[in-house]
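Here are the chains, one letter per residue:
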Amino acid sequence: MKTPIDRFRFRPYLRPAAGWGALRGVAHAWLDSRQPFKNLRAMLQTNQNGGFDCPGCAWGEAPEEGRIRFCENGAKAVNWEASGRGVDRAFFAENSLQELAAQDDYWLEYQGRLTEPMYYDGEVHHYKPIRWEQAFALIAAELNKLESPDQAAFYTSGRASNEAAFLYQLFARSFGTNNLPDCSNMCHEASGAALKASIGTGKGTVTYGDFDRAEAIFVIGQNPGTNHPRMLEPLSEAVARGAQVLVFNPLRERGLERFQAPQDPVQMLTDGEAPLNTGYFRPALGGDMAVIRGIAKFLFQWQDEAERNGEAGPLDLDFIREHSAGFEQYRAMVDGTTWDEIVAYSGLGEDELERAAHIYRRSNATIICWAMGITQHRHSVATIQEITNLQLLRGQIGRPGAGLCPVRGHSNVQGDRTMGIDDNPSAPFLDALEGRFGIPMPREAGVNVVKAIEAMLAGKIKVFIGLGGNFARATPDSVRTHHALRNCELTVQISTKLNRSHLVTGKRALILPCLGRTDIDMQVGGAQAVTVEDSFSMVHASSGQLKPLSSEMRSEPAIVAGMAQATLGKTPIPWLELVEDYTRIRELIADVIPGFKDFNRKLETPGGFYLQNAAGQRQWKTKNGKANFVSHPLPAPLPPEVLEKIGRVGAGSADLVLQTLRSHDQYNTTTYGLNDRYRGVSGNRRVLFVNREDIRRLGFADRQSVDIISLWNDEVERRVRGFTLIAFDIPKGQAAAYYPEANPLVPLESYGVGSFTPTSKYIAIRLEPSTLPERII
């Protein structure tokens, strides 16, 4: 079976984000699904009351009724999942694991939906069919023979519903372990760690409606045009009504510059467009903390001037006195940071920082948004706490139109954490589980993603179960991660489509095909709805609209219950009875998790219900009961492990610093095509964006094929081969490449201080002429 083939081409994209280009992208995805008319009906039910939640991002919904509520990438996600193509026993009989491993990720997922459970026995190099009961029995036998429950890891993707996630963590903890690594460990873990210490909650404090009230919106380290396209409309509307929208991003991204609203007939018919920002700042990679420090330093200077003149300054001193702790220490830290340091680390001039500071000072309602351009750095926790410090200075938390907004990735990654998918759960949560179910819960912290990989490499984890996702491709240090998975006795993947993790197996492996968001979930009690939580803490129902491609697919809650029943029996938790009617699962959630009282009744409200955020109400659930200013020195540009490596090989410096990013034809590790419209790339993903002067400085030529080598202080060579250089509008000294193709360059040991989030946005690299044949362009 083949995939569409595109010729490689690079041509800068001159049109606005969304608009006609997005409509063409939607049409292509719709027609390529092999069931376009069924999918059109489904797409119109995306994010609607009574419909299903988009399987893409976690952006929230506008309150207006009667609007189309999907974006281009949401339509791609729907049509990609609701494919008419199927992968069955005949496919696996025809294709061995070695043959499949030779294909790229796009080819693998393009084959369609997994339609029946499959088993790899480690002897014959083909998956073969297995009955569900046999699969569950095999998992139970392998788990029950472990010497310790901590020899198993239960990984979760952010796609899992609240019902599936709650059952999954309950299964793992009833089994006896907190080994619950999840995809948030690799993206917004730093946000949770930073915010909990600063304001007492790991979630953002704003609602969707706050964007209508904001006087200023700062968008830092985020590319919404590709990753959260529905965010473009509120940004455009904010600019139109006179709000200031400031962007901080090293790359010039079309989804942060200009926007053509697909639902605006005037813009579409006149080929019009609207700006998405009122100021675009391009800091150094990893320089965002110094940017915020510079804004804070101006605020302190202006406060001193105002007080000398007997006037009110920009700081909200009443808020600081009543609600905060650590202000004096933070003031001393800022005073001790010189302008030379701030300018050098931020990559911005003092005049640019002053302009941003003036805008921040004049706004009485400021939202600061960020995503993985902030979180995937060594100093990510410190940067987010610096952002929080800035908001505390002016009392910009717990005020309409103001607050902190970590924009989450996958559609229920925030809900999964709410449901207890956490390797280090709180004591009150474990107490609540014990009180409700009458069984002891493990109290020792489990492993996160990085620690799970280390444990698998060391032979300490023998069974890996993945509830969704593509662990083999999403994780850092790919070669070592693959060794880790192959070191397991059994790997189990609960999946909708074929991906790399099905081919990087333990000694034995299972593929368990599950329903997706678009599929009708029919159980004993009838068609079921699941629930999800978006970035704004809104919880709402999701009901599939399409008949599943195969009767052998099972829902994620049903698969989890099947594994749990086979492993633990039905006492004291009647697993299989719970999945007959998901209202029973939600009743248990209501008994255990704060904010979910009357869960089933609350779901009757159109649009769902809001989980109250204590920090948004200026109630600080921190140890000292205050919002905390947390002080950190500005970080060194390169970690000591890299500096030591550079000194040891005598090279003097790295050639470039690399960040990984998504293409526009991609969501997480899922590749919908080989194109990146907004960056002008088509037909190829193995590209490296570099400043033209850097290409010349390093002795290469535009479109030359290179190998990329990352620098770290160990003896492991981390190299990816055959990447095509593209001269691009990127600051000198920086480079960018797509993930997961560049994930092999991220050392497993290179993670954020206090978060274990891989440093995928700051990788020191060198380039060499490619060891593969030159690409013909």
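Going by the structure above, here's the rest.
Our subject in this report is the structure included herewith. (Residues numbered from 1 in each chain as written. Predicted model: local features only at pLDDT ≥ 70, side-chain atom pairs only at ≥ 80, totals over all residues. Heavy atoms only, no water.)

**Comments concerning the packing of aromatic side chains**
Then, number 1: Taken as a whole and assessed by the stated rule, the structure comprises 39 aromatic pairs.
Then, number 2: Ring geometry for Phe 248 and Phe 281: centres 4.9 Å apart, planes at 10°, overall stacked. Here Phe 248 is found in strand 9 (residues 244-248), whereas its partner Phe 281 is found in strand 12 (residues 279-281), with 33 residues between them in sequence. Both residues of the pair, Phe 248 and Phe 281, count as buried.
Then, number 3: Ring pairs connect the aromatic residues Phe 91, Phe 92, Trp 107, Tyr 120 and Tyr 127, which therefore count as one cluster.
Then, number 4: Above the ring of Phe 437, the side-chain terminus of Arg 436 is found at 5.4 Å from the ring centroid.
Then, number 5: Just above the ring of Trp 80 sits the side chain of Lys 497; from NZ or CZ to the centre is 3.9 Å. (Phe/Tyr/Trp six-rings, centres within 6.5 Å; stacked < 30°, edge-to-face > 60°. Helix = DSSP H or I, 4+ residues; strand = E, 2+ residues; numbered from the N terminus. Buried < 20%, exposed > 50% of the residue type's maximum accessible area, 1.4 Å probe, protein only. Lys NZ or Arg CZ within 6 Å of the ring centre and 35° of its normal.)

**Remarks on the side chain of Thr 481**
Then, number 1: You can see Thr 481 is positioned in helix 25 (residues 478-486).
Then, number 2: Reaching out from Thr 481, the side chain makes a polar contact with the backbone oxygen of Pro 476 at a distance of 2.8 Å.
Then, number 3: Each residue touching Thr 481, except ones within four places of it in the same chain, is listed here: Ile 453, Phe 471, Thr 475 and Pro 476. (Polar contact = N/O pair within 3.5 Å; in protein donor to acceptor, adjacent residues only side chain to side chain. Contact = heavy atoms within 4.5 Å.)

**Quick word on the pattern of salt bridges**
Then, number 1: Enumeration according to the criterion identifies 49 salt bridges in this entry.
Then, number 2: Ionic pairing is found between Asp 182 and Arg 417, a salt bridge with its closest N-O pair at 2.9 Å. Residue Asp 182 is located in the loop between helix 8 (162-175) and helix 9 (189-199), and its partner Arg 417 is located in helix 21 (residues 413-418); the two are separated by 235 residues in the primary sequence.
Then, number 3: Take Asp 182: its relative accessible area is 1%, and that puts it in the buried class.
Then, number 4: Here Arg 417 falls in the partly exposed class, since its relative accessible area comes to 22%.
Then, number 5: One salt bridge in this structure joins Arg 584 and Glu 580, with 3.0 Å as the shortest N-O distance.
Then, number 6: Classification of Glu 580 by relative accessible area gives partly exposed; the value is 27%.
Then, number 7: Taken together, the salt bridges that share partners define one network made up of Asp 477, Arg 480, Asp 714, Arg 718 and Glu 749. (Salt bridge = Lys/Arg side-chain N within 4 Å of Asp/Glu carboxyl O.)

**What to know about the packing of helix 9 against helix 20 (residues 380-393)**
Then, number 1: At a minimum axis distance of 8 Å, the contact between helix 9 and helix 20 shows a crossing angle of 45°. Our classification of the angle between helix 9 and helix 20 gives oblique. In the crossing of helix 9 with helix 20, the sense of the turn from one axis to the other is right-handed. Note on element contacts: helix 20 touches helix 9 through Ser 380, Val 381, Ile 384, Gln 385 and Thr 388, opposite Ala 190, Ser 191, Ala 193, Ala 194, Leu 195, Ala 197, Ser 198 and Ile 199.
Then, number 2: Here the residues of the contact of helix 9 with helix 20 are counted per class, giving eight nonpolar, five polar and no charged. (Axes fitted to C-alpha atoms, helices over the stretch in contact; angles between N-to-C directions. Parallel < 35°, antiparallel > 145°, perpendicular 65-115°, else oblique. Left-handed = near helix turned anticlockwise from the far one by under 90°. Nonpolar A, V, L, I, M, F, W, Y, C, P; charged D, E, K, R; others polar.)

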